[in-house]
Amino acid sequence: MAGKLRIQSISIEGFRGVNKKTSMNFAKKSAILFGPNGVGKTSILQALEWCFFGGLISAIVGPPEFKKEDAIVNSFHPQKRATVEVVLEDEKNRRIKITRERKKGRSTTSGKTKLEVEIGGTQYSGEKAQTELNKWLRTTPTEFYASIHLHQEAVRDLLVGDPLVRSEMIDKLLGLHFVRELIEYIPLKYVAKEAKSIEEEIEDIQTRKMQEVAISKKRLAELEIEMEKTGIGATSLSVSSLMKLAEDTMVKISDIEQKIETKVKVLEKPQPDTKSLEKTLGELKNSIGKLEGVWTTAYKEVVTKASSVESLKQDYEEALKEIASFKIKDPQDFVDKKSNIDAQISALQKELDSKISTRSLLQDEVTLVQRLSSNVKGLELDIKKIEQDFGDEAKIEASINKLQSQIEEKRARIKQEEALNSILISGLDYLKSALTNNCPLCKSDIEYAKVITTLQKEIEQREGAKLLRQIQKELEGLTKEKPNFENALFNFRRLKGELERSRSLIEQEKEKLKEKGFKPTEDLVSYVDSELKEINNRISNLDEQMRQLKAEATEIDLRANDLRGKIEKLSSVEKEIKKMFDTTETGEKLVEIVNERIGELLGQSKTLDEMTEELKGTKGMLETYEKILSFLKEKDRVDKLEEGMPILQQRVKDLQEKYSKMKELEAGLTDIYQVTSTAREEMIKQALSDLQLTIKSYYSKILCHPYYLNLQLIPEKERGKAIYRIRAWDKDFKQGTYVQTRFSNAQMNAVALSLFLSMTTRLPSNLGLILLDDPSQSMDRTHKEALSKLLSQILEEKQVLVATQDTEFEQTMQRVFPKDKALIYNFKEWSLEGPKITQ
Amino acid sequence: MSIFSKRLYEELSQRLARKDKHGELLKLLLQWLEEGGGDAMKDGVKEMVKRIKGE
């Protein structure tokens, strides 16, 4: 399979951006696919990938939307079918024709593709076609993605994608992917776990199952000794002995059946094996259980009946005794006696009502008479007081008259005195003014001076003696004293009148009482008091009599009810007993019949009591049976265990052999794992030292960073996984940096291209092909020039297909690429039919 | 076995503690890797375990 394969031609229909059939004849030459964005250049490159491998790596590692629809088949293709045909040829013109077809499916990754491969005139299809194709290509899809087809997004993935994916890829390119897989995929833990599992099974058999035989044998011997102690000797511990015991128990059960007149089940004799004996045990238990049930029911029935009859008898006798205790046997006698008492109560009630009415009258009289009597006493006292102070009526009248005459006398005297005073003062005034010596009255001569003096003296004396005033004072005293007597007289007469009225009222009450049959005495108050007391006593007396009679009546009622109850009870019990024993007898004769029946029931109960012992004995036999059977079963088990010992020993031997092999495998894998781990580091060192030179060569050709002139792949470990990091260094390898942190997009692109092209040189693929999709991203003119020159060198050895929309880059490539080795395809525009391509 | 696997076998087997015993196992592992990758190798070892266990 010498010589690299190149693309001779490609024919595409219904694939992604290409609808109408489009063919391109490269004739194994390199090509520039030039045109604006979105005219189908990438579709041509992807068609190659899909045709080789049946899938697109970008659909697997790309966004999830790829899985939501079929992104392979062109939506406008009339048959909804994608077809790509690629013809490859190697240097010896050996030809491979690959045709892949697909109908539109639900998603990009679901559904099948149809593959046909023709190699040297031989046609292959299906899986066989893919196998043959793989052999020829010697490239996996991932390798194709990493080192043949540089996608637009691959630049990003190489630098900023998952370091683990990148590192796996690099390992493959370094020829270390088997080493990586040996380390990562050897299932050491799985093998160790399986070895442990076998070891545990051996231990389980040795420590548990094999020891169980010895322990079980020991326990069986102990059990035999215990059985001996409970009276079950070694001779009884056999199947035949147990069969004999089963038969004896069956006979016993049959006896009991006859005695309690029942039939539970016909029991069959057991076979001479523990299984049959165990079945018999169950049947015997069942039969005894049923017999016990029948016996219990019968016993309960007899005991309950005896108890019930005894209880009835006691009730009957008690009822008879109780009725006998009543002196009156007929409740009607109680009724008559009660009627008599009721009549007495009625008479007493009548008297009581009358006495209560009289008492009410007397109570009113007492109040009235006491009030009148009290009035009389009060009035008499008041009159007596007036008499003491002023005397009797006549005396008071005399005193008033006397006072009246004294008053009049005093008034006359005052008048005289006042007139005299007036005369004296007037005479004095006259003489003083007239100064005459003639008396104005009698005209007699007078010495007015003398007279004046005399008059003045007289006036002064009279004033000095205060005579008039004295008389006036006396008049005042008399005037004040007189109304006292007049009031006394008035009150005296009023009191007298009231006294007479009160006395008259008392007399009227006396008459009223007489009319009502009373015989009032002079002292009416004492009389009515005494009468009231007497009536109260009588009323109390009547109350007491009535209470006693009522209590007696209640007692009679209670006794009468009691008697009726007792008679009813007796009647009920008697009726029940008569019905029970179908007799018409009553009283003592009935009791005799009941006693006879109780005697019979007690007899039956005694018979059943005796059966208890028999049942107990049978159950004892059954217990012995069970113990022996249990022993025999255990013996069977131990015998079987013993029989199985050689099998167990053989199993242990087998397992030990397996364990030994498993440990050997584990040791081998561990050894290989350790050796590979150690070797890997050295191999990486060696491989990288070769690759570094290639990387540096490409990196310097594409125009590297002005300061970081060297690129290096650094093997590291991240979370237990081996990865590579990309670092850039200055010319002396003193100052280093991760390219992701410091490089511009164009510089990063240059790094990615350097790595990609370096890896291409390492791939043992049979495809002499490099596909570059928009490789000049972010580059300036100088970079583009450098890249074009580099590619022109590569296309001497490989077929290079470059897709670009960059006019400057396209023109540079046209200028730099040898004309006979590179074709130029212009992608003009895109329509629903696909791109329009001119050459 | 491919030339690549053969070279790797020689490289690793020299370092094995017991090449007589584990060399054949290494060959097997490399063969599985070549045929089907890491998963195939893992499945191969699991198949060996099954055979030892007699399953």
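Use the structure listed above.
First, a word on what this report is: a plain description of the structure on this page. On a predicted model such as this, the values are computed, not experimentally measured, just so you know. (Residues numbered from 1 in each chain as written. Chains lettered and ligands numbered in written order. Predicted model: local features only at pLDDT ≥ 70, side-chain atom pairs only at ≥ 80, totals over all residues. Heavy atoms only, no water.)

## Brief notes about the overall build of chain B
On a plain count of helices and strands, chain B comes out with two helices and zero strands. When the 55 residues of chain B are sorted by exposure, 40% land in the buried category. When the accessible surface of chain B is split by element, carbon and sulfur atoms take 44% of a total near 3,300 Å². (Helix = DSSP H or I, 4+ residues; strand = E, 2+ residues; numbered from the N terminus. Buried < 20%, exposed > 50% of the residue type's maximum accessible area, 1.4 Å probe, protein only. Areas by Shrake-Rupley, 256 points an atom, 1.4 Å probe, with all protein chains shown as cover.)

## Overview of unusual backbone geometry
Residues and elements named next belong to chain A. Even without glycine at this site, Lys443 takes up a positive phi of about 65°. Relative accessible area serves as the criterion here: at 57%, Lys443 is assigned to the exposed category. One non-glycine residue, Ser778, lies in the positive phi region at around 65°. For Ser778, the location among the structural elements is in the loop between β12 (769–773) and α19 (781–794).

## Comments concerning the sheet that holds strand β14 (residues 822–831) of chain A
Strand pairing in a sheet relies on backbone hydrogen bonds. The paired strands run either parallel or antiparallel. Residues and elements named next belong to chain A. Here six strands make up an open sheet; going across it, the order is β8-β12-β13-β3-β14-β15 and the pairing mixed. A strand with exactly one partner marks an edge of an open sheet, and here the two such strands are β8 (149–150) and β15 (834–838). Sheet analysis places strand β3 (residues 30–34) next to β14, joined by five bridges and oriented parallel. Looking at β14, one finds that Phe34 is bridged to Asn826. This element, helix α18 (residues 745–762), spans β8 and β12 of the sheet and lies at about 165° to β12. (Pairing = 2+ DSSP bridges. Contact = heavy atoms within 4.5 Å. Axes fitted to C-alpha atoms, helices over the stretch in contact; angles between N-to-C directions.)

## Topic: the packing of helix α11 (residues 331–390) of chain A against helix α15 (residues 524–581) of chain A
All names here are of chain A. It is at 8 Å that the axes of α11 and α15 come closest, and there the two elements cross at 160°. When the axes of α11 and α15 are compared, the pair comes out roughly antiparallel. Helix-helix and strand crossings are classified by hand; for α11 and α15 the assignment is left-handed. (Parallel < 35°, antiparallel > 145°, perpendicular 65-115°, else oblique. Left-handed = near helix turned anticlockwise from the far one by under 90°.)

## Concerning the nonpolar core
Grouped together as the largest cluster of nonpolar side chains are 92 residues, with contacts concentrated most on A:Leu242, A:Ile577, A:Tyr625 and A:Ile628. Taken together, the elements giving at least two residues each to this core come down to α8 (188–229), α9 (239–259), α10 (274–325), α11, α12 (393–434), α14 (467–515), α15 and α16 (587–701) of chain A. In contact with A:Ile628, not counting residues within four places along its chain, are A:Met227, A:Ile232, A:Ser236, A:Leu237, A:Leu242 and A:Leu245. Formed by 59 residues, the second largest nonpolar core is a distinct cluster that contains A:Leu655, A:Leu665, A:Met759 and B:Leu12. (Core = buried A, V, L, I, M, F, W, Y, C linked by side-chain atoms within 4.5 Å.)

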